[in-house]
Amino acid sequence: MPNNGTALTPNFVPLALWVGAVMAAFLVHWQRLPESLAGLPRAWLALGKLALPALAVLLQAALMMVMLEQVLQVPIPEPVRCTAVLALSSLMFLALVFALIRVFGDLGRVLAVLLLVVKVSAAGAQLPIELSDAAFQAVHPYLPLTWVLRAFRVALFGAFEGELALPLAVVGATALAALATGIVLGRWRPVPPAQWRP
């Protein structure tokens, strides 16, 4: 790596994507819907609610790629792989925030912010995980951010022998599990037309 800034790129970009996913969650009411739509399948309702935030996080991923290449001039040997990691990570973070809010209501937004603190400490984003507390080391392999960091390190530097399939599979599976959790366990509050505000 040409400099320390480039070396730290995989540590900080996912944190920015997580914050973007949390902010995108404020674009819609995750639990409210018009009474006229209450009879639709839960998956359709969830995908309808996710459309705008998903577009926002994908736009964020595209802007992040432009920023990395054109502004920060981070050497990216395989832009397609890096773009795929950015996009999938952003969608997975959004799915996690979606699940938290759908299951816990507004408390889920607070949990999403608090989860960032735990993830930064336990995923090895700031310090090598070997220098962290034993409890953080124990949860390290199970955190989604751990696998996002690994995917970025592969995409940017060819680390871990260039093996990108496993981290992307874990990130994708996490996104699907979070989405399913939000759809199945989340509650809807039908709102009469006179009170409806998107």
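Details of the structure are given in the entry above.
Residues numbered from 1 in each chain as written. Predicted model: local features only at pLDDT ≥ 70, side-chain atom pairs only at ≥ 80, totals over all residues. Heavy atoms only, no water.

Caption draft 1: Up close: the overall build of the protein chain. The number of helices and strands found in the protein chain is 7 helices and 2 strands. Split into buried and exposed, the 198 residues of the protein chain put 44% on the buried side. Contacts spanning at least 24 positions in sequence make up 75% of the contacts within the protein chain whose residues lie at least 6 apart. (Helix = DSSP H or I, 4+ residues; strand = E, 2+ residues; numbered from the N terminus. Buried < 20%, exposed > 50% of the residue type's maximum accessible area, 1.4 Å probe, protein only. Contact = heavy atoms within 4.5 Å.)

Caption draft 2: Main features of unusual backbone geometry. For Gln 73, which is not a glycine, the phi torsion comes out positive at approximately 55°. With respect to the element layout, Gln 73 can be found in the loop between helix H2 (42-71) and helix H3 (79-104).

Caption draft 3: Seen up close, the packing of aromatic side chains. Taken as a whole and assessed by the stated rule, the structure comprises 1 aromatic pair. Taken together, a centroid distance of 5.2 Å and an interplanar angle of 85° make the contact between Trp 18 and Phe 93 edge-to-face. Remark: Phe 93 occurs in helix H3 and Trp 18 occurs in helix H1 (residues 4-24); sequence separation between them is 75 residues. According to the relative accessible area criterion, Trp 18 is buried, its value standing at 1%. Looking at Arg 109, its charged tip hangs above the ring of Phe 26, at a distance of 4.8 Å from the centre. (Phe/Tyr/Trp six-rings, centres within 6.5 Å; stacked < 30°, edge-to-face > 60°. Lys NZ or Arg CZ within 6 Å of the ring centre and 35° of its normal.)

Caption draft 4: Representation of the nonpolar core in the model. Counting 49 residues, the largest nonpolar core has Trp 18, Trp 30, Leu 86, Phe 93 and Val 97 as its most contacted members. Of all the secondary structure elements, the ones that give two or more residues to this core are H1, H2, H3, helix H4 (107-122), helix H6 (144-157) and helix H7 (165-185). (Core = buried A, V, L, I, M, F, W, Y, C linked by side-chain atoms within 4.5 Å.)

Caption draft 5: Geometry of the environment of Trp 18. For the pair Trp 18 and Ala 112, spaced 94 residues apart in the sequence, the C-alpha separation amounts to 8.9 Å. For Trp 18, the side chain forms a polar contact with the main-chain oxygen of Ala 112, separated by 3.1 Å. (Polar contact = N/O pair within 3.5 Å; in protein donor to acceptor, adjacent residues only side chain to side chain.)

Caption draft 6: Seen up close, the pattern of salt bridges. Evaluation of the coordinates by the stated rule reveals 2 salt bridges. Among the salt bridges present, the one from Arg 81 reaches Glu 78, with a minimum N-O distance of 3.3 Å. Glu 78 gets classed as partly exposed once you look at its relative accessible area, which sits at 38%. Asp 106 is the salt-bridge partner of Arg 109, the closest N and O atoms lying 3.6 Å from each other. (Salt bridge = Lys/Arg side-chain N within 4 Å of Asp/Glu carboxyl O.)

Caption draft 7: Inspection of a nonpolar patch on the surface at higher detail. A cluster of nonpolar side chains, namely Phe 104, Leu 107, Val 110 and Leu 114, defines an oily patch on the protein surface of about 380 Å² accessible area. If you tally residues by element for the nonpolar patch, the top one is H4, at 3 residues. Here Phe 104 lies in helix H3. (Patch = residues over 30% accessible without salt bridge, like charges linked within 9 Å, V, L, I, M, F, W, Y side chains within 5 Å. Areas by Shrake-Rupley, 256 points an atom, 1.4 Å probe, with all protein chains shown as cover.)

Caption draft 8: Representation of H6. Look at H6: 20 Å from first C-alpha to last across 14 residues, which is about the 20 Å you get at 1.5 Å a residue. By the criterion of burial, H6 is predominantly enclosed, with 11 of the 14 residues buried. Of the residues one or two after H6, Gly 158 is the one with positive phi, at around 70°. (Expected span 1.5 Å × (residues − 1).)

Caption draft 9: Looking closely at the side chain of Ser 90. The residue Ser 90 is located in helix H3 in this model. By relative accessible area, Ser 90 is classed as buried at 0%.

Caption draft 10: Examining H2 more closely. Taking 1.5 Å per residue, 30 residues should reach 44 Å; H2 reaches 42 Å between its end C-alpha atoms and fits that length. Remark: the principal bend of H2, roughly 40°, maps to Ala 51, with a proline, Pro 53, within the next four residues. Backbone geometry just after H2 places Gln 73 at a positive phi near 55°. (Bend = angle between axes of the 7 residues up to and from the residue.)

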